[in-house]
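Structure at a glance
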Amino acid sequence: MAGAAVLAGTAVPVATAPTASATSATSASSAEAAGAAPFPAVSVRPDDARYPDLVRGMNQRWTARPESVRLVSSTEQVRSAVQQAVDAGKRLTVRGGGHCYEDFVFNDAVETVVDLSEMTAVRYDEQRGAFEVQAGATLTDVYERLHKAYGVVVPGGVCYSVGVGGHVSGGGWGMLCRRDGLIVDHLYAVEVVVVDARRRAHVVVATREADDPNRELWWAHTGGGGGTFGVVTRYWFRSPDATGTTPESLLPRPPAEVLLSAVSWPWEQMTEQSVTRLVRNYGAWHEEHATAGGPYDGLVANLSLNHRSNGQIGLLTQMDATVPNARDLLDSFLRAVSDGVDVPHGAVTNAMGEHGPMPEFATPRRLPWLQATRYLGVTNSVLVDPTLRGDHKSAYLRRAIPPRQIATMYRHLVRTDFANPNAMVLLSSYGAAVNSVPRGATASVHRDSAFKLLYQTYWHSADEDAANIAWLRDIYEDVYAGTGGVPVSDENTDGCYVNYPDIDLNDPRRNRSGVPWTTLYYGENYPRLQRVKAAWDPTDFFRHAQSVRLPGH
């Protein structure tokens, strides 16, 4: 997210506070409901010892020097902080509970940062008949509380440190997406601090109810990205097809157990032909299984095309173990993906190599769902290292990747003038339940893709910025050279994922397609988002480099 006010990106900007216990989460939420905040708002200024930790994102490329950071614990404190920034003419951004891929929160222009990272309550709201989640919570907060107390889940992302605020507002993809859809497909309501035409900050709750006069504001937060309409302080979740009256009946139940598999192919054994076959197999399987209703709705697989310097190409798969013949189905999938991939017998190992952290999954293993979710959320060193810098780009794929594009990927993945084990193209499952929702039902417009791509690289030193950013631009723009350097919507591709924000899409030197970044992210839904912007943020107080623009801009 780019935060809640600036809630953009994939999640929020920085690391969250420790996960709240069930008791403290409930008491914090109850205190707010009674009109009391867990603690008074705190202003942290540059001379405070806490300041350096509060002015940087998870991505260490992004830091700022705001006049103050406002630590808040209630919706009223957020409203007050926004009003003070409006009255003083201060540029305001919001830090939630996770991380943002761009500088939408921490940049040279920001003067006030509102920090939501202590607003982590997760509880059942009897009045609304839905689960309330404060916008500073991380996915770990949500999964632990919902599963332990109620046995339910929302189909969010895999990374433990992703913040709810921006993850939800950007659509929210995760490991249960093919079975249960996107997280926004279960969003019932949102609470937002907005600024009206008279420059007064006030609190609005918008629901998906057809007769709710604020419904369009709810719709905008189902994939419109963050940083556009106001500061999200709370979400409420209830599945639209829920018919029960007890909390346990209002959201999906996760699988009791899942099968985890992690295999890899050593780069030293891989030819261009074998890499091409592997990628084509993966794409063809997902193209064939892009619609919902089959036995594979419970399978999600991530294929990591790591740079050759990593030593491995990895495939991590999670399968719902409660499906009949789950192990046979998983084995069939693994055979389909590896079919014709010519490597010596015995060369295929676990997904991280013999010396990596996942050798125990070279043979698929059954694990309880929450245990598997915890494991996947913390085993990737890229997700837990607080010193890393990074850059990211994305694409949605409707069909298998064309051979010419695979050849281009291969050329950049084996380059010898650049070597970084954390540089990769990650292919992730999509479709099935996601594709059962119409393109306009939510602001998340990408509803007919089979899988998606994340181009990314991570590194440690500012001295390495230029080489890594250049490599990522090279591979991305070369892959999509036929459409101006970006994945425009055509028979194969369908634009970009707003939760992987990429500022290069704004630059005509990098995006030579003539298709604006707004179309790549939002397709035909963008004009509707602009109307919501005009209605709820007419002064454009909430903005960043890729926030929704007012009509006419």
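Note that this is a predicted model, so its numbers are computed, not measured.

1. A look at the sheet that holds strand S1 (residues 42-44)
- Judged by pairing direction, the sheet is mixed, and its four strands sit side by side in the order S1-S2-S4-S3 without closing on themselves. In the strand order of this sheet, the two ends are held by S1 and strand S3 (92-95), each with one partner. Between one strand axis and the next, the sheet turns through 25 degrees on average, direction left out of account.
- Here strand S2 (residues 68-71) pairs with strand S4 (residues 112-115) via four bridges, running parallel. Counted as the bridge partner of Val69 is Val113 from S4.

2. Considering unusual backbone geometry
- Backbone geometry places Asn325, a non-glycine residue, at a positive phi of 60 degrees.
- Its place among the elements puts Asn325 in the loop between strand S12 (312-320) and helix H9 (326-338).
- Judged by its relative accessible area of 56%, Asn325 is exposed.
- One non-glycine residue, Asp540, adopts positive backbone phi at about 60 degrees.
- Note on placement: Asp540 falls in the segment after helix H15 (526-536).

3. Observations regarding the pairing of strand S15 (residues 423-429)
- Among the seven residues of S15, seven are classified as buried, and the element is accordingly described as predominantly covered.
- Of the two faces of S15, the one lined by Ala423, Val425, Leu427 and Ser429 and the one lined by Met424, Leu426 and Ser428 are each fully buried.
- Pairing of strand S11 (residues 299-306) with S15, which is carried by five bridges, proceeds in the antiparallel orientation. Its bridge partner lying in S15, Ser304 is registered against Leu426.
- Sheet topology note: the S15/strand S16 (residues 451-459) ladder contains seven bridges and is antiparallel. Note that in S16 the partner of Ser429 across the bridge is Phe451.

4. Re the packing of helix H8 (residues 272-288) against helix H12 (residues 403-413)
- Where H8 contacts H12, the two axes come as close as 10 Å, and the packing angle between them is 125 degrees. Viewed along their axes, H8 and H12 adopt a mutual orientation that is oblique. Pair H8 / H12 crosses with right-handed handedness. Every residue of H12 that contacts H8 at Glu272, Val275, Thr276, Val279 and Arg280 is listed here: Pro403, Ile406, Ala407 and Tyr410.
- In terms of residue class, the contact of H8 with H12 is built from six nonpolar, one polar and two charged.

5. Quick notes on the pairing of S4
- Side chains Thr112 and Val114 of S4 all project onto a buried face; the interleaved residues Val113 and Asp115 project onto the opposite face, where all are buried too.
- Where S3 lies against S4, four bridges are found, and the strand directions are parallel. The residue of S4 that forms the bridge with Arg95 is Asp115.

6. Considering the nonpolar core
- Core analysis: the biggest nonpolar cluster contains 143 residues, and Val82, Leu315, Phe333, Leu427, Leu453 and Tyr455 have the highest contact counts within it.
- One finds Val44, Trp62, Val105 and Val110 within the second-largest nonpolar core, a separate group that totals twelve residues.

7. Focus on the packing of aromatic side chains
- A complete count under the given rule lists 21 aromatic pairs for this structure.
- Seen from their ring centres, Trp285 and Tyr296 are 5.0 Å apart, and the 85 degrees between their planes marks the pair as edge-to-face. Here Trp285, found in helix H8, pairs with Tyr296, found in the loop between H8 and S11; they are eleven residues apart in sequence, far enough to count as distant.
- For Tyr296, a relative accessible area of 8% puts it in the buried group.
- Joined through ring pairs, the aromatic side chains of Tyr101, Tyr396, Tyr430, Tyr497 and Tyr500 make up one cluster.
- Looking at Arg528, its charged tip hangs above the ring of Trp219, at a distance of 3.8 Å from the centre.

8. A word on the side chain of Gln546
- Tracing the sequence through the fold places Gln546 in the segment after H15.
- We classify Gln546 as buried; its relative accessible area is 3%.
- Excluding residues within four positions of it along the chain, Gln546 makes contact with Phe104, Pro501, Asp502, Ile503, Leu505, Asn506, Trp517 and Tyr521.

9. Brief notes about the confidence of the model for the protein chain
- When pLDDT is averaged along the protein chain, the result is 90; 89% of the residues meet or exceed 70.
- Here residues 1-35 is a poorly scored stretch, pLDDT under 50, and it has 151 contacts once near neighbours within four places are set aside; other chains count.
- Contacts of residues 350-357 to residues separated by more than four positions or lying in other chains number 20 contacts, the stretch itself having pLDDT below 50.

10. Quick notes on the side chain of Ser304
- Turning to its location among the elements, Ser304 is positioned in strand S11.
- Overall, Ser304 belongs to the buried group, its relative accessible area being 17%.
- Beyond its immediate sequence surroundings of up to four residues, Ser304 is in contact with Ile313, Gly314, Val425 and Leu426.

11. Digging into helix H13 (residues 465-479)
- When the terminal C-alpha atoms of H13 are compared, their 21 Å separation across 15 residues agrees well with the 21 Å that a helix rising 1.5 Å per residue should span.
- What H13 keeps buried is the set Asp465, Asn468, Ile469, Trp471, Leu472, Ile475, Tyr476, Glu477 and Val479.
- Buried residues in H13 make contact with strand S14 (389-397), H12, S15 and S16.

12. Brief notes about H8
- For H8, spanning 17 residues, the distance from its first C-alpha to its last is 24 Å, which sits close to the expected 24 Å at 1.5 Å a residue.
- Among all positions in H8, only Ser274, Val275, Leu278, Val279, Asn281, Tyr282, Gly283, Trp285 and His286 are buried.

13. Here we look at the pattern of salt bridges
- On inspection of all chains with the given rule, the structure shows 38 salt bridges.
- Residues Asp331 and Arg327 are paired through a salt bridge, measuring 3.0 Å at the closest nitrogen-oxygen approach. Taken together, the positions of Asp331 and Arg327, both in helix H9 and four residues apart, correspond to about one turn of that helix.
- By sharing partners, the salt bridges in this structure join Arg123, Asp125, Glu132, Glu191 and Arg234 into a single network.

Reading guide: rules and limits
Residues numbered from 1 in each chain as written. Predicted model: local features only at pLDDT ≥ 70, side-chain atom pairs only at ≥ 80, totals over all residues. Heavy atoms only, no water. Pairing = 2+ DSSP bridges. Helix = DSSP H or I, 4+ residues; strand = E, 2+ residues; numbered from the N terminus. Axes fitted to C-alpha atoms, helices over the stretch in contact; angles between N-to-C directions. Buried < 20%, exposed > 50% of the residue type's maximum accessible area, 1.4 Å probe, protein only. Parallel < 35°, antiparallel > 145°, perpendicular 65-115°, else oblique. Left-handed = near helix turned anticlockwise from the far one by under 90°. Contact = heavy atoms within 4.5 Å. Nonpolar A, V, L, I, M, F, W, Y, C, P; charged D, E, K, R; others polar. Core = buried A, V, L, I, M, F, W, Y, C linked by side-chain atoms within 4.5 Å. Phe/Tyr/Trp six-rings, centres within 6.5 Å; stacked < 30°, edge-to-face > 60°. Lys NZ or Arg CZ within 6 Å of the ring centre and 35° of its normal. pLDDT = per-residue confidence, 0-100. Expected span 1.5 Å × (residues − 1). Salt bridge = Lys/Arg side-chain N within 4 Å of Asp/Glu carboxyl O.

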